[in-house]
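# A structural walkthrough
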Amino acid sequence: MSTSPRPLTRVGRRVALTAAVALTAALATAVPAAAHAEVEADRPRALAENVTLSFVSEAESSSAGFAALRVVLPEGIAPGDVTLGEAPKGWKLTAASDGYTVSGPALKPGVDAEHEIEVRQLPDAKELVFKTVETYSDGKISRWIELPTGDKEAEQPAPVLKLKAAAPGAEPVGPSTSPSPSSSPATSATPDPSPSATVTAGSDTEAKATNADDGGSTGVGIGIGIGLAAVAVLGGVGWWLVRRRSASPES
């Protein structure tokens, strides 16, 4: 006794589903993860003195390298109390009224920008926010300056350093009496990068950064949306073809 063949619609449904899953996986692996800017400390404790902060800006461009990083210091850390430690070769620090810029010869595309600063003393706080503006050699700007609001996560979060409670007996030190440095080289002196590749220092950095669109991680989100739309379209077309074939009379 012969068995009836598996309905064509069921086969078509499985084929379309398998193709959609495979294409979704391929698109997911093809889209790079969003970059981030991060900060760490060797002694993340309130009122700790002579603390080294390490900053990492992850590269998100395949055609241009980092040329400058603009960091807005949180309240309680004065630009004059910051000195540059490890940094890319040829980069130097320029102090501003609300933070500093480290800049120099552009890094190779795809290379993360890492630098360290030594802070005279951390303020008495639970966390510190270091809003960061990144400039690439082609003029592209990425702004990691956002903070979460309510239950909504920030798309481009600013680097945040969590602090432990101050050690027993720790006291704030007096303000620095030395003048704020205009520049402190990380290595041997090298020519400054062109103005187009350097972030302008000033107290209005945050306002400019908030109002402008860098097209960085937002572009990644758009790419993911387009990929998912393509999966839906291809799956729908495949299903329509299978239904049409099953509905056609056999010759």
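Quick note: structure is the one above.
Residues numbered from 1 in each chain as written. Predicted model: local features only at pLDDT ≥ 70, side-chain atom pairs only at ≥ 80, totals over all residues. Heavy atoms only, no water.

Here the focus is the overall build of the protein. Looking only at helices and strands, one finds three helices and 12 strands in the protein. With 251 residues in all, the protein has 34% of them scored as buried. Within the protein, contacts between residues separated by at least 24 positions form 76% of all contacts whose residues are at least 6 apart in sequence. When the accessible area of the protein is evaluated, it comes to approximately 14,700 Å², of which 56% is carbon and sulfur surface. (Helix = DSSP H or I, 4+ residues; strand = E, 2+ residues; numbered from the N terminus. Buried < 20%, exposed > 50% of the residue type's maximum accessible area, 1.4 Å probe, protein only. Contact = heavy atoms within 4.5 Å. Areas by Shrake-Rupley, 256 points an atom, 1.4 Å probe, with all protein chains shown as cover.)

The next point concerns unusual backbone geometry. Look at leucine 47: it is not a glycine, yet its phi comes out positive at around 65°. Of note, leucine 47 is situated in the loop between strand 1 (37–41) and strand 2 (49–57). A relative accessible area of 10% means that leucine 47 is categorised as buried. Of note, the phi angle at asparagine 50 is positive, near 50°, even though the residue is not glycine. Relative to the elements of secondary structure, asparagine 50 occurs in strand 2.

On the basis of which strands lie adjacent, the open sheet formed by four strands has the order 1-2-7-4 and antiparallel pairing. The strands lining the two open edges of the sheet, one partner per strand, are strand 1 and strand 4 (82–84). Averaged over all neighbouring strand pairs, the angle between strand axes comes to 25°, with direction disregarded. Examined bridge by bridge, strand 4 and strand 7 (residues 113–121) share three bridges and lie antiparallel to one another. Each bridged residue has a counterpart across the sheet, and for valine 82 the counterpart in strand 7 is valine 119. (Pairing = 2+ DSSP bridges. Axes fitted to C-alpha atoms, helices over the stretch in contact; angles between N-to-C directions.)

The residue alanine 166 is located in the loop between strand 11 (160–162) and strand 12 (184–185) in this model. With 120 residues separating them in the primary sequence, alanine 166 and alanine 46 have C-alpha atoms 4.5 Å apart. If we skip the residues at most four places from it in the chain, alanine 166 touches Arg45, Ala46 and Leu47.

Quick look at the packing of aromatic side chains now. How two aromatic rings sit relative to each other is set out by the distance from centre to centre and by the angle between their planes. All told, the structure shown has two aromatic pairs when counted by the stated rule. Geometrically, the ring pair formed by phenylalanine 55 and phenylalanine 130 is edge-to-face, given 5.4 Å between the ring centres and 80° between the ring planes. Of this pair, phenylalanine 55 sits in strand 2 while phenylalanine 130 sits in the loop between strand 8 (127–129) and strand 9 (131–136), placing them 75 residues apart in sequence. Here phenylalanine 55 and phenylalanine 130 have matching classes, each one buried. Note on phenylalanine 66 and tyrosine 136: the rings are 4.6 Å apart at their centroids and 25° apart in plane angle, and the pair reads as stacked. (Phe/Tyr/Trp six-rings, centres within 6.5 Å; stacked < 30°, edge-to-face > 60°.)

Among the nonpolar cores identified, the biggest contains 29 residues, and Leu53, Tyr100, Ile117 and Phe130 are the most heavily contacted of them. Contributing elements (two or more residues each) for this core: strand 1, strand 2, strand 3 (66–72), strand 4, strand 6 (99–103) and strand 7. (Core = buried A, V, L, I, M, F, W, Y, C linked by side-chain atoms within 4.5 Å.)

Moving on, we get to the pairing of strand 6. Counting buried residues along strand 6, five of its five residues qualify, which places the element largely inside the surrounding structure. Here strand 6 shows two buried faces, one formed by Gly99, Thr101 and Ser103 and the other by Tyr100 and Val102. Both strand 3 and strand 6 contribute to a ladder of five bridges, which runs antiparallel. From the neighbouring strand, valine 71 faces strand 6, where its bridge partner is tyrosine 100. Looking at chain direction, strand 5 (residues 92–95) and strand 6 are connected through four bridges and run antiparallel. Each residue of the ladder has a partner; that of lysine 92, found in strand 6, is serine 103. The turn joining strand 5 and strand 6, which pair antiparallel and follow one another in sequence, is formed by three residues.

A few words now on the environment of valine 82. Examined against the element boundaries, valine 82 turns out to sit in strand 4. A sequence separation of 38 residues divides valine 82 from arginine 120, and the C-alpha atoms of the two residues are 6.6 Å apart.

With that settled, the discussion passes to the environment of aspartate 98. Position of aspartate 98 among the secondary structure elements: in the loop between strand 5 and strand 6. The exposure class of aspartate 98 is buried, given its relative accessible area of 16%. Along the sequence, aspartate 98 and alanine 78 sit 20 residues apart, while their C-alpha atoms lie 7.6 Å from each other. Among the polar contacts made by the side chain of aspartate 98, one reaches the side chain of arginine 70 at a distance of 2.4 Å. (Polar contact = N/O pair within 3.5 Å; in protein donor to acceptor, adjacent residues only side chain to side chain.)

Let us look at the side chain of threonine 132. Tracing the chain through its elements places threonine 132 in strand 9. In this structure threonine 132 comes out as buried when scored by relative accessible area, which is 2%. A polar side-chain atom of threonine 132 sits 3.0 Å from the main-chain carbonyl oxygen of phenylalanine 130.

None of this, on its own, says anything about what the molecule does.
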